[in-house]
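Inside the fold
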Amino acid sequence: MEQQVIDKVLSNARKRFYVEAWRRFRENKLAFAFLFILGIFFIIAIIGPYIAPYDPYKINLARAREPPSLQHPLGTDELGRDILSRILVGARYTLGISIVSVILGALIGVFLGLVAGFYRGLIDNVVMRIVDVMLAFPAILLAIALSTALGQGFTSLILAISITTFPVYTRLTRNITLQVVEEDYIAAAKLLGERSIHIMFRHILPNIFSIIIVQATYYAGLSILLVSSLGFLGLGIKPPTPEWGSMISSGRGYLLSAPHIALIPGLFISLTVLGFNIVGDGLRDALDPRSKKIL
Amino acid sequence: MDKILEVRNLTVHYYLPQGVVRALENVSFDLYKGEILGVAGESGSGKSTLALAIMRLIQSPGKIISGEILFRGRDLLKLSENEMRRIRGKMITMIFQDPNSYLNPVYQVGAQVAEVYEAHNGGSYRDYLSRVAELFKIVRIADPQRRVYAYPHQLSGGMKQRVLISMSIAHKPDLIIADEPTSALDVTIQAEIIDLLNDIRDRYGSSIIFISHDLSLLLEISDRIMIMYAGRVAEIGSRDEIKNDPKHPYTKALLRSLTYERKSKLYSIPGSIPSLINPPSGCRFAPRCREAIDICSKQDPPKISLGGRVVYCHLLRGEGQ
Amino acid sequence: MSDLLVAVDIRKYFPIEISLFKKLFVRAVDGASINLGEREVIGLVGESGSGKSTLGRILAGLIRPDSGSVYFNGEEIINSRRTIPSKYRYAIQMIFQNPDTSLDPRMIIHDILADAIRSRSKGLSRSEVTERVIKLIRQVGLREDHVYKYPHELSGGEKQRVAIARALSVDPIILIADEIVSALDVSVRAQILNLLLEIVENRGLSMIFITHDIGLVWSITDRVAVMYLGKIVEFGDTEKVLTNPMHPYTKMLLSSTTSILIGKIFKDPRFRARGEPPSPIDPPKGCRFSTRCPLVDKECLFNEPILREVENDHFVACLKI
C-alpha cells in the first residue's frame, strides 16, 4: 500500500478511540443536550457584549426593579439596568474566569501528581503532604483567604481559584499514576529503554486523561460556584461588573419585592453547574463504557 | 450398585437478545452411590449449566426445557421450591471454583459455615461453632479450633477451599457437585484437596460429580468420566476405558492435547468451539473431526451402548446396541 | 557453554510495614543462582510464592536485586547498585503473563510495535517503520489489518502474539517468558507456544520459561530450575531432574502433577503433597521445606542446604542426600 494511504489509515485508527467515545456521548441525549446548552453559553461569553440590547452599565432609576416585559425580557435590576444585557455580558466573567482557572488548576495539579506518582519517595511525600494540608480547608475558605491575600483583579482571582482547586487533581493523578505504573506495559516500555519523561507523557497521561477530563468538568462547576460566591461576598469581582454571582448579591435585598433580580442570575449559574455535572457524567460513560451505571 | 441420580434427556436453553443458546441438549447419565463421576468439557461445553440444573438454580434467561432429574427416585424438576430448598445444602451440596466469591470477607469463617446448620436446623449460629471445629478437623485445616474465628483474608487459598468443602459436608450429603474446585489452586494444594475429596467419599459414602476442563486431572480422581462437547454428551466410560481406549474422536483429540512429549510440538484441536446459538447441524464436533463422514453433519449422532459405556458417534454404528 | 547469562546469589526482599517500629520483609528471592547458555531453553518452575516471577524480572533488569549480580557474556550488568546499561537493554526482553495489561490500551498495535522498533533503530523513516511493523506482525501469525486495532479489539491469544512481536522487535538474544499462556484458554495455548518455540529455534535465541506447568517443562525445556520459597532447590538437565529428582519438593511436585507425560517421569504416592507452605514473610529457620518434608530431621531445622552437584548437570540443595 502507498505510504500516503497507510498514513491516512493510521491516523484514522488512532482517532478511532475518540470518534467512538464521541458517538457514545451523542447517544446520551441528556448529556448531549446540556453540552449544547453549555455551548450556547460559551458563545454568549464571547459575543455577549456585541449582542446585548442595552448597555449593561447604564443606570436608569426610573425603570428600576421592573419584572420581565417585552422591552426588557429579563426585567431590570435595582438600578434600572437591563438584566438580559448584564447576563449576556457577565457570562464572560463568570464562565471565562472559571474555565481559565480550571485549566490552570488542572495543568498544575496533573503535573505535580504525575511527578509524585512516578518518582515516589521524597517528592511524593512532600507534594502529598502539601496537598493534604490544602485539602483540609473547605474550598470556599481557601478561596476567600487567597483572594484577600492576592488582592483585586482578574489575575488574582484566577490564581486564587487555580490554587484552591489544583490539590484534587494532584491527589487523583498521583493515585492513578501509582496504579498505572505497576501495569506490565509500563514495564515493557522500560525494557525498551524508554526514558521516564517519555513514559509519563506517552503512556501514563493518555491513560489517565479520561479520568482527569471528567474530574475537570465537575470542577468547572465548582469553579463557577467559587467565582460567584466570591463575587457574592464582595471579593473577587466587584460591582458594577455584571458577574452573575455579584448580581445575586445585589439582588439579595429585593427577594420579596423583585425576586427576579437575584433569581435569574442564580438560575443561569445553576444551569451551568448542572450542565457541567451532567456533561461530566456523560463524558465518563462515553470514555469508559465499562463503568456500569447503578441506576 | 444403587443409582443415586438419573438424568434423562435434560435440555436447557438460555434466551438472550442475540438468540437462543442451546446450552444443554438431551443430556443423559447415571450416577451411582459412592462414585466419583468426572465431567470433562471446555468452556461452552455446558458443564456448569449442568451443575446448576441439578441444583435447580437455573434462572431467567435460562430455562429447563425438558428432561428428568431423578434423585433417589424423585424427579427434582417436579418438586416445589420449598421441597427443593430442603434438599439443597443438605442432601445435594455444591463446591465452587473461587472461594473468594463465596466467602463474605466481613464475617468469621466459622460463623459462615455455621449458617448451614442454622438454615436447616434453626437456632443461632453460635450453637454450632463446636460442630464447625469438628468439620474443620475433618477437612484437615490445621489448628481447627482457632481457625473457626478467622476471617477469610487470614486464610490461604487452599484453606478457604477447605472451608467451602466443610460447608458442603456439614449434613453428610448424598451428592456433592464440585465445579472446578481446584482450578485456582497450586498443583500441590490441588493434590491435597483431591485426596481430601476421596477421603470424604470413603467416609460418608457421598457421590461426587467433579466438573473440570482438565481431563488429566479427572483421570486421576474419577471412577467414571463423562465427556461433554458443545452442550451434548460425547462419551461416558470408566476411567481406564477413557484413558486407554477412547472411542469418541473428541475424547481422542482431547487426550492428545493433554499429552506432553519430550521436545515435540504441542497439539491443539484445530478450529474452535461452535456457537451454541447456531450450532452446526448433526454432530456438533463434526466440523473439527478428523474422522467425520458425510452423515455426521446431517444427523444427530446416535447413542451407542457398549456394556457400561456410552458413546454418541456415527462411526460406531453397528457396534453394541 | 552455559555462560550467556549467569546470575549469582540473587536476593530480593520486599518490605512490609507492620507498625511504625516493626518492619518485616517478604523474602521473595533468597539466594538464587542460575546460568543460561546459548540456544538453550531453561524452565523456571515453582508454585505461587516461589519467587520465580520476581527472579524473572530481576534477570530482565526491571527490578534491582538487594544483593547478588548478573553477568552477560562474562560482563557484570546488574547488581544492587545499578541496573542494565543501555547498550545491553535490548539483549534481554520479557513477555508477560497477562495479555490484558501488557499492551498500552490507548495505543493502536501499529504504534506499540513502532515505538519498540524506533527505540532501537533511530532515524528510520515512517514508511520504513511501518514496513517493519507489518513484517513483524506476519511473523507472529497475524494479518496486516490487526495493526490498526486497539488491544481490546483483539483476543487473548492475539494479544500475546503482539507481545511476542514486541519483544522480538529489538532483536534480543534472551527471552524471558513469564507464565505467558497461563491466562489463555487451554485451546489457544498450544498455538502460541508452538509459535514461540519456532521463533526461538529459528533465531537461535535463549529462553527462560517461567511456568507452574510440569507438562510444559517436559515438553519444551532443555534444563529446569525448581524454586521453592525464594530458593532454587534443584537444577539441571530436564530429563535427569524429572525422571530422577533428588529434592523432596521436586518429588512432591512431580507426584502431585496430573499432566500426562510420555516418559519415565517420577511419581511416588509416598511423596504426595501435605501441609501448607509457610509464609514467605517469616520462613522457617534452616531448610525452607522442613515443614512439609517427609525426610525432615533435626539437622534440617538449623542448617540451610546449598546447591551442590550430585551428578553431571544435576544440582540439588538438600541435607538429606
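The structure this text deals with has already been given above.
**Observations regarding helix H6 (residues 154–181) of chain A**
Side chains that are three or four residues apart share a direction in an α-helix, a result of its 3.6 residues per turn. Here H6(A) contains 28 residues, and its C-alpha end-to-end distance of 39 Å stays within 8% of the 40 Å for a straight helix at 1.5 Å per residue. Approximately 30° is the largest bend angle found in H6(A), and it occurs at A:Thr165, with the proline A:Pro167 only one to four residues beyond.

**Side note on the sheet that holds strand E6 (residues 92–95) of chain C**
Within a beta sheet, neighbouring strands are joined by backbone hydrogen bonds and run either parallel or antiparallel to one another. Residue and element names in this part refer to chain C. Pairing is mixed across the open sheet formed by eight strands, whose spatial order is E6-E7-E8-E3-E9-E10-E13-E12. In this open sheet, the two strands that pair with only one neighbour each are E6 and strand E12 (308–311). Averaged over all adjacent pairs, the angle separating strand axes in this sheet is 20°, with direction ignored. Of the strand pairs in this sheet, strand E3 (residues 41–45) and strand E8 (residues 206–211) are connected by five bridges, and their pairing is parallel. Within E8, the position partnered with Val41 by the bridge is Met207. Most of the contacts of helix H5 (residues 186–203) go to E8, to which it runs at about 155°, and overall it touches E3, E6, strand E7 (174–178) and E8.

**What to know about the pattern of salt bridges**
Under the defined criterion, the tally for this structure stands at 60 salt bridges over all chains. Salt bridges linked by common partners bring B:Glu235, B:Glu241, B:Asp245, B:Lys247 and B:Arg309 together as one network.

**Some details on the packing of helix H4 (residues 109–121) of chain B against helix H7 (residues 157–169) of chain B**
Residue and element names in this part refer to chain B. Axis separation between H4 and H7 bottoms out at 8 Å; the angle between their running directions is 20°. As far as their axial angle goes, H7 and H4 are roughly parallel. Between H4 and H7 lies a crossing of right-handed hand. Contacts between H4 and H7 involve Val109, Gln112, Val113 and Val116 from the former and Val163, Ser166 and Met167 from the latter. For the contact of H4 with H7, the per-class residue count stands at five nonpolar, two polar and no charged.

**Some remarks on the interface of chain C and chain A**
Tallying the contact residues gives 33 residues for chain C and 27 residues for chain A. Of the roughly 2,700 Å² buried between chain C and chain A on both sides combined, carbon and sulfur atoms contribute 54%. Considering only the side of chain C, the residues that lose the most area to chain A are C:Arg106, C:Tyr148 and C:Tyr150, jointly responsible for 26% of the buried surface there. As a salt-bridge pair, C:Arg57 and A:Asp184 come within 2.9 Å of each other at their nearest N and O atoms. Those elements that place two or more of their residues in the side of chain C that touches chain A are helix H1 (52–60), E6, helix H2 (109–120) and helix H3 (126–139) of chain C. For the side of chain C that touches chain A, the leading source of residues is H2(C), giving five residues. Looking at the side of chain C that touches chain A residue by residue, the class counts come to 14 nonpolar, eight polar and 11 charged.

Quick notes on the rules
- Residues numbered from 1 in each chain as written.
- Chains lettered and ligands numbered in written order.
- Predicted model: local features only at pLDDT ≥ 70, side-chain atom pairs only at ≥ 80, totals over all residues.
- Heavy atoms only, no water.
- Helix = DSSP H or I, 4+ residues; strand = E, 2+ residues; numbered from the N terminus.
- Expected span 1.5 Å × (residues − 1).
- Bend = angle between axes of the 7 residues up to and from the residue.
- Pairing = 2+ DSSP bridges.
- Axes fitted to C-alpha atoms, helices over the stretch in contact; angles between N-to-C directions.
- Contact = heavy atoms within 4.5 Å.
- Salt bridge = Lys/Arg side-chain N within 4 Å of Asp/Glu carboxyl O.
- Parallel < 35°, antiparallel > 145°, perpendicular 65-115°, else oblique.
- Left-handed = near helix turned anticlockwise from the far one by under 90°.
- Nonpolar A, V, L, I, M, F, W, Y, C, P; charged D, E, K, R; others polar.
- Buried area = accessible area lost by both parts, 1.4 Å probe.

Any link to function would need more than the numbers given here.
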